[in-house]
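# Results of the structural survey
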Amino acid sequence: AQTVTQSQPEMSVQEAETVTLSCTYDTSESNYYLFWYKQPPSRQMILVIRQEAYKQQNATENRFSVNFQKAAKSFSLKISDSQLGDTAMYFCAFMIEVGDKIIFGKGTRLHILP
Amino acid sequence: DAGITQSPRYKITETGRQVTLMCHQTWSHSYMFWYRQDLGHGLRLIYYSAAADITDKGEVPDGYVVSRSKTENFPLTLESATRSQTSVYFCASSELPGLESSDTQYFGPGTRLTVL
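Residues numbered from 1 in each chain as written. Chains lettered and ligands numbered in written order. Predicted model: local features only at pLDDT ≥ 70, side-chain atom pairs only at ≥ 80, totals over all residues. Heavy atoms only, no water.

## Details of the nonpolar core
- Ranked by size, the top nonpolar core spans 28 residues in total, and within it A:Trp36, A:Leu77, A:Tyr90 and A:Leu110 carry the most contacts.
- Elements with a contribution of two residues or more to this core: β2 (10-14), β3 (19-21), β5 (33-39), β6 (46-52), β8 (64-69), β9 (74-79), β10 (88-95) and β12 (108-113) of chain A.
- With four residues, the top contributor of residues to this core is β10(A).
- One finds A:Tyr33, A:Met89, A:Met95 and B:Val88 within the second-largest nonpolar core, a separate group that totals 20 residues. (Core = buried A, V, L, I, M, F, W, Y, C linked by side-chain atoms within 4.5 Å. Buried < 20%, exposed > 50% of the residue type's maximum accessible area, 1.4 Å probe, protein only. Helix = DSSP H or I, 4+ residues; strand = E, 2+ residues; numbered from the N terminus.)

Below you can see the structure in the form of structure tokens.
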């Protein structure tokens, strides 16, 4: 069975600093999709970034980037120049194929301090 | 409005009552999903649907019923609500494989359900 583990339940960083959220997953599949979702206090689930396992290049979206280590089954999220609006719960998630369920980690609550 | 909507946004009910949570999407996405979010568990799949009239169980389907008579609607019914079903419920949708952004599930705003 596929699992997603986020080892940091909660983190706090100062505004403008860089922060890295950790995620590991377990699967026997060779191709799959990985995601980071952000859930602010509004509760809305917002896709931050996605990565296809067969792509070697790490995905980047503005201040957000990932470090995808396929052999280690690791998918960390780096937030550069953190902003107060980045305060949220962040979920790492995994999907084997399109149309399949998404398996979520339990989340990391991130606080950006002024 | 375009997108995926859920109603109601908040609901309080009593044990034993039937409750239906609505989900509507305007993209004509083929796939639709229901998740529940509980503290310490992240989001877990309840039911999903690949197309109208095609539904299947997810990880935690007990106590729930779904239907999908139209592509755009995917209601979730709690036939006899229990306190353990107090949760936040999210509906999501995604496109057919091969189409643009088909690897992404788009989530509704969620429904907070409290069962007393």
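## Description of the environment of B:Asn73
Residue and element names in this part refer to chain B.
- As for its placement among the helices and strands, Asn73 is situated in the loop between β7 (64-66) and β8 (76-78).
- Relative accessible area serves as the criterion here: at 24%, Asn73 is assigned to the partly exposed category.
- Separated by 45 residues in sequence, Asn73 and Ser28 place their C-alpha atoms 9.6 Å apart.
- Not counting the four nearest positions on each side in its chain, Asn73 is found in contact with Cys23, His24, Met32, Ser67 and Arg68. (Contact = heavy atoms within 4.5 Å.)

## Topic: the packing of aromatic side chains
- Summed over the entire model, instances satisfying the criterion amount to 18 aromatic pairs over all chains.
- Between A:Phe104 and B:Phe107, the ring centres sit 6.0 Å apart and the planes meet at 75°, which makes this aromatic pair edge-to-face. In this pair, A:Phe104 is assigned in strand β11 (residues 103-104) and B:Phe107 in strand β10 (residues 106-107), connecting two distinct chains. Considered together, A:Phe104 and B:Phe107 belong to a single accessibility category, that of buried residues.
- Through a chain of ring-to-ring contacts, the aromatic side chains of A:Phe35, A:Tyr37, A:Phe91, A:Phe104, B:Tyr31, B:Phe33, B:Tyr35, B:Tyr48, B:Phe90 and B:Phe107 assemble into a single cluster. (Phe/Tyr/Trp six-rings, centres within 6.5 Å; stacked < 30°, edge-to-face > 60°.)

## Quick word on the confidence of the model for chain B
- Scored by pLDDT, chain B comes out at a mean of 92, with 93% of its residues at no less than 70.
- Taken element by element, chain B is modelled with least confidence in β10(B), mean pLDDT 92, and with most confidence in β8(B), mean pLDDT 98. (pLDDT = per-residue confidence, 0-100.)

## A few points about the side chain of B:Ser30
- Looking at the secondary structure, you find B:Ser30 in the loop between β3 (19-25) and β4 (31-38).
- If we skip the residues at most four places from it in the chain, B:Ser30 touches B:Ser49, B:Ala50, B:Ala51, B:Arg68, B:Ser94, B:Glu95 and B:Leu96.

## Focus: the layout of surface pockets
- What the largest pocket holds in volume is close to 540 Å³.
- Along the walls of the largest pocket sit 27 residues, with A:Gln39, A:Met89, A:Arg109, B:Gln37 and B:Leu39 positioned nearest its centre.
- Here the lining of the largest pocket takes four residues from β12(A), the largest share from any one element.
- Of the residues in the lining of the largest pocket, the class split is ten nonpolar, eleven polar and six charged.
- Taken as a whole, the second largest pocket spans an internal volume of roughly 220 Å³.
- Along its surface, the second largest pocket is lined by 13 residues, and A:Ile103, A:Phe104, B:Leu43, B:Arg44 and B:Glu59 are the ones closest to its centre.
- Mapped by element, the contributors of at least two residues to the lining of the second largest pocket are β1 (3-5) and β11 of chain A together with β5 (42-51) of chain B.
- Considering each element in turn, the lining of the second largest pocket owes the most residues, three residues, to β5(B).
- Looking at the lining of the second largest pocket residue by residue, the class counts come to six nonpolar, three polar and four charged. (1 Å grid on protein atoms, 1.4 Å probe; cavity = no way out; pocket = protein on both sides within 12 Å on 5 of 7 lines; lining within 4 Å. Points joined across faces, edges and corners; volume = space filled by probe spheres on them. Nonpolar A, V, L, I, M, F, W, Y, C, P; charged D, E, K, R; others polar.)

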